[in-house]
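So you can see what is in the structure, the chains are spelled out below.
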Amino acid sequence: MTDDAQAPADQHARVVVIGAGQAGLSVGHHLRRLGLTPGSDLVLLDRAPSTGGAWQFRWEALRLGAAHRVHDLPGMNAMGLRFDDADRSRPARDVVGEYYRRFEQHYDLRVRRPVTVTSMTRIGDTGLCVTVRAGDGGTSRIGAEIVVNASGTWGTPFVPWYPGRDVFRGRQLDTTEYRSAAEFAGQDVVVVGGGTSAIGFLLELDAVAARTRWFTRRPMVWSDTAALDLESAVAAVDEQDRAARAGATLPSIVSGTGVPVTRRIRAGLDRGVLRESPMFTRLDETGVVTADGEHVHADAVIWATGFRADLRHLAPLHLRTAAGGIVVEDGRSVGEPRLFLAGYGPQASTIGANRAGRRIARQVMDALAGS
Ligand code: FAD
């Protein structure tokens, strides 16, 4: 079936990859190695202004390895680059941006940016067509036999609804809007969420805020390993895989693994900065109200409450299930087999994205050979 037969594509490629973060670059690298030519057969698109995927937008104080290990892209070691040797005194956003830039140049991946994929449609039985908006606002359409979506989650932070969110008069922000603790100097700050972002914010705010309070939906589970190797987080990754195969919304990885107690976190626990309270029941004009009726004054509420996969541009394909996700098996959409999803569900870590790159590239080449 043709969704939009009226508008022919302006350009054709064999494969379009949406997103040049860890997942998109890994797929792009393997597809190039398997014989596709970047820039013609293979087109990589990214809406961000610079290299680094979502890392380029992370807050200034975040350093590599603050909680999880960041795995090298495939082919990075051959260039003499290793994240484990990277300068940890510099912001992670700068280091990752620089490493990815060198990677893209070395392998001549020719990523086009800033180019936003705004929608995707089917072209009969032969392929897919992505509509893109370039930095100057101009739109065009690129037809492809296969599309690999590697758009990550940073564009769709998730903030749960609590009564009073619309009446609170202070500042509310999510993880993507957090820049630095200095903005909250002298303020009472409520941080919501049980993941590593919330913990990072609390540790930073401790030095400058008047007071912080931390609220989580579930009691924290601390893991006594000093660093979480997501590769060994088998149960959590399996849970993601089950959700992806069922087309359900994806659970948080950290809820399945516990948070590793690094030295910095240990110090925060000892100082009492990392003492969570059960989730409050509502906000009012000046703060939040707990289940036992305590009013906690807040100048700001930071919602570090996770992300959803950023799949808005796939909406015209109608792949969403009633359960809120899309059905994905081994990185491939079941409802639209010309569409692969890299970095989705069980692949949502740097090691997962690397593996996805290799596996998806092989499947893409098989699909191209059969088409
Ligand atoms: P991204 O890096 O988000 O890349 C997606 C790219 O797609 C972006 O460049 C974006 O511009 C582009 N894009 C999105 N939509 C469109 C569109 N419509 N059109 C064109 N381009 C588009 N994992 C680890 O393994 N180790 C860690 O230490 C770690 N730390 C993390 C810290 C934070 C705060 C968060 C939120 C996550 C962290 N993760 C970590 C998990 C994260 O999944 C990995 O960082 C991984 O790098 C994600 O890679 P990705 O390629 O899937 O997504």
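Remember, it's a predicted structure, so these values are computed and weren't measured experimentally. (Residues numbered from 1 in each chain as written. Predicted model: local features only at pLDDT ≥ 70, side-chain atom pairs only at ≥ 80, totals over all residues. Heavy atoms only, no water.)

Engineer: Just checking my understanding: could you explain the site of the ligand for this structure?
Structural biologist: Around the ligand there are 31 residues in total, and Ala23, Asp46, Ala54, Val117 and Thr350 lie nearest to it. In the environment of the ligand, an oxygen atom lies 2.9 Å from a nitrogen or oxygen atom belonging to the backbone of Ala23. Relative to its unbound accessible surface of 1,000 Å², the ligand loses 91% to contact with the protein. A per-element tally of the shell around the ligand places strand S3 (residues 115–123) first, with three residues. Split by residue class, the shell around the ligand holds 15 nonpolar, twelve polar and four charged. (Near = heavy atom within 4 Å. Polar contact = N/O pair within 3.5 Å; in protein donor to acceptor, adjacent residues only side chain to side chain. Areas by Shrake-Rupley, 256 points an atom, 1.4 Å probe, with all protein chains shown as cover. Helix = DSSP H or I, 4+ residues; strand = E, 2+ residues; numbered from the N terminus. Nonpolar A, V, L, I, M, F, W, Y, C, P; charged D, E, K, R; others polar.)

Engineer: I tried to follow the domain arrangement of the protein on my own but got confused; where do I start?
Structural biologist: Many analyses report the size of an interface as the accessible area lost when the parts associate. What the domain assignment lists for the protein is domain 1 (3–155 + 308–370) and domain 2 (171–224 + 261–303). Summarising the inter-unit geometry, the C-alpha centres of domain 1 and domain 2 are found 33 Å apart. On the side of domain 2, nine residues touch domain 1, which itself brings seven residues to the contact. Counting each side, the surface lost to burial between domain 1 and domain 2 is near 670 Å², with a carbon and sulfur contribution of 65%. The tally of links from domain 1 across to domain 2 stands at zero salt bridges. Linking domain 1 with domain 2 are one residue pair in polar contact (both at pLDDT 80 or more). (Domains from an automatic or database assignment. Contact = heavy atoms within 4.5 Å. Buried area = accessible area lost by both parts, 1.4 Å probe. Salt bridge = Lys/Arg side-chain N within 4 Å of Asp/Glu carboxyl O.)

Engineer: So what exactly am I meant to see when it comes to the nonpolar core here?
Structural biologist: A general tendency of soluble globular proteins is for nonpolar side chains to be buried together. In this structure, Val15, Val148 and Leu205 are the most contacted members of the largest nonpolar core, which totals 65 residues. Per-element accounting of this core gives the leading share, seven residues, to helix H7 (residues 350–370). When residues of this core are assigned to domains, at least three map to each of domain 1 (3–155 + 308–370) and domain 2 (171–224 + 261–303). Counting residues in each nonpolar core, the second largest holds 25 residues, with Val115, Val132, Ala144 and Leu314 among its members. (Core = buried A, V, L, I, M, F, W, Y, C linked by side-chain atoms within 4.5 Å. Buried < 20%, exposed > 50% of the residue type's maximum accessible area, 1.4 Å probe, protein only.)

Engineer: What exactly am I supposed to notice about the sheet that holds strand S13 (residues 287–289) here?
Structural biologist: Pairing is antiparallel in the open sheet, where three strands are placed in the order S12-S13-S14. Sheet topology places strand S12 (282–284) and strand S14 (295–297) at the edges, where each strand pairs with a single neighbour. With strand direction ignored, the average angle separating the axes of adjacent strands in the sheet is 30°. Where S12 lies against S13, three bridges are found, and the strand directions are antiparallel. Bridging across to S13, Arg282 finds its partner in Val289. (Pairing = 2+ DSSP bridges. Axes fitted to C-alpha atoms, helices over the stretch in contact; angles between N-to-C directions.)

Engineer: Even after reading the chapter, I still don't get the pattern of salt bridges, so can you show me in this structure?
Structural biologist: Opposite charge on two side chains allows them to pair when their charged atoms are near. Within this structure, the stated rule accounts for 20 salt bridges. Of the charged contacts, one joins Glu336 and Arg122 as a salt bridge, the two residues approaching to 2.8 Å between their closest N and O atoms. Taken together, the residues Glu336 in the loop between strand S17 (332–333) and strand S18 (339–341) and Arg122 in strand S3 connect sequence positions 214 residues apart. Given a relative accessible area of 2%, Glu336 falls into the buried group. For Arg122, a relative accessible area of 15% corresponds to the buried category.

Engineer: Quick question: what am I supposed to make of the confidence of the model for the protein here?
Structural biologist: On average, residues of the protein carry a pLDDT of 91, and 94% of them reach 70 or more. Low confidence marks residues 1–5, where pLDDT is under 50. Its contacts with residues over four positions away, or in another chain, come to 13 contacts. (pLDDT = per-residue confidence, 0-100.)

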